[in-house]
Amino acid sequence: MLRQTITEIAGGTWCINEFNLVNAFVVEGDKRAAIIDTGCGLGDIRKVAESVTEKPLSVFLTHSHPDHTGGIYHFKDCSIYMNDEDASAEIFGFKRDNEFRKNYVKSRGPVRNPGHVEEMLSLIPSPEPDCEFSFLSIDDGSVLDLGNRTFECIHTPGHTEGSICFLDTSRRILFSGDTVNNSIILSRQKDNNTSLIEKYHKTLAKLWERQTDFDVLAIGHETAVIDKALIHDYLRLTEGLLDGTIKGGYEEKGFRKGDVARFGKAELWYQCDQ
Ligand SMILES: [Zn+2]
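Quick caveat, the model's predicted, so the values are computed rather than measured. (Residues numbered from 1 in each chain as written. Predicted model: local features only at pLDDT ≥ 70, side-chain atom pairs only at ≥ 80, totals over all residues.)

A. Up close: the overall build of the chain. Within the chain one finds six helices and 17 strands. Here the C-alpha atoms of the chain give a radius of gyration of 18 Å, agreeing with the 19 Å that 2.2 N^0.38 yields for 274 residues. Among the 274 residues that make up the chain, the fraction classed as buried is 44%. Look at the contacts in the chain between residues 6 or more apart in sequence, and 61% of them connect residues 24 or more apart. (Helix = DSSP H or I, 4+ residues; strand = E, 2+ residues; numbered from the N terminus. Rg over C-alpha atoms; globule rule 2.2 N^0.38 Å. Buried ≥ 20, exposed ≤ 12 C-beta atoms within 10 Å, placed from the backbone. Contact = placed C-beta atoms within 7 Å.)

Given below as structure tokens:
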């Protein structure tokens, strides 16, 4: 049977890999634990989280995209933290529901977990769970305390307006969600205007200013942990796109369509249609 895998990446810190589609993380302090993102909602991610910690759980959301919040129905009794600006975020018109899950598995599954698409489809929850949720708002500088272990919230607009990275100086990890990972998307802007690339560039500069506080990134998709130098590759890439020294172009690759550019290990779909 297909299972989520759970791997310890640092003391009291685990990655839950949801069938190679998306990552969530469990972090434990002395008094409480938290799950950072909740997967897209296939199978029982709470049970997996509770297999490594007995402490009461909170939920920290890096952003509201349904592949990161689709499992929220397992955590309605927990305190959920997210930035206000992501309250109504959608991605390419999809909401947090089974129609999204089905489309997500059918589009990402063949690329990220070939051979297991039917099995993943069989894990779509039935009946359709209610994924509306209320949350406590976090913003730049908010600090979440799990007991002798704190997480600083850094507001990082770009991928979504309300994206938040969680800085854990105790383990020197930045939980970067979809703000920095192997392949970042910025949705297409009207008339190809570059304001979103500029905004994202500022976000990267802000994260890089904090580089002495962490060594690695714990990212939202694929490899759980990656060197922080990736931020610098994205910084150079966005700088090059803005000053014209790096040029990208239209591509269709796997489930992605749009204008893409690359530098070092960074890949940015900067006018992304799908
Ligand atoms: Zn996202």
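B. Here's a closer look at the sheet that holds strand 7 (residues 136–137). Strands sit in the order 1-2-3-4-5-6-7 across an open sheet of seven strands; the sheet is mixed. A single partner strand is all that each edge strand has here, and the edge strands are strand 1 (5–10) and strand 7. Bridge count for strand 2 (residues 13–18) against strand 3 (residues 22–28) is six bridges, and the pairing is antiparallel. In the sheet register, Ile16 faces strand 3, and the bridge partner there is Ala24. (Pairing = 2+ DSSP bridges.)

C. Examining the pairing of strand 9 (residues 150–155) more closely. Two elements, strand 8 (residues 143–145) and strand 9, share three bridges in a ladder whose sense is antiparallel. Across the sheet, residue Val143 finds its bridge partner in strand 9, namely Glu152. Counting the residues between successive antiparallel strands, the hairpin from strand 8 to strand 9 contains four residues, one of them, Gly147, with a positive phi of roughly 95 degrees. Direction of pairing for strand 9 relative to strand 10 (residues 164–168): antiparallel, over a ladder of four bridges.

D. Focus on the environment of His159. Along the chain, His159 falls in the loop between strand 9 and strand 10. For the pair His159 and Asp178, spaced 19 residues apart in the sequence, the C-alpha separation amounts to 6.7 Å. Sequence-distant contacts of His159, that is, excluding residues within four places in its chain, are made with His63, Asp178, Thr179, Ile184, Ile185 and Leu186.

E. Fine view of helix 6 (residues 229–243). With 15 residues, helix 6 ought to run about 21 Å at 1.5 Å a step, and its terminal C-alpha atoms sit 21 Å apart, in line with that. For helix 6, every residue scored as buried is listed here: Leu230, Ile231, Tyr234, Leu235, Leu237, Thr238 and Leu241. One side of helix 6 carries all its buried residues, which in axial view fall inside an arc of 165 degrees. Those residues of helix 6 hidden inside the fold are in contact with strand 12 (184–187), helix 5 (195–209), strand 13 (216–219), strand 14 (225–227), strand 16 (256–263) and strand 17 (266–272). (Expected span 1.5 Å × (residues − 1). Arc of directions from axis to C-beta.)

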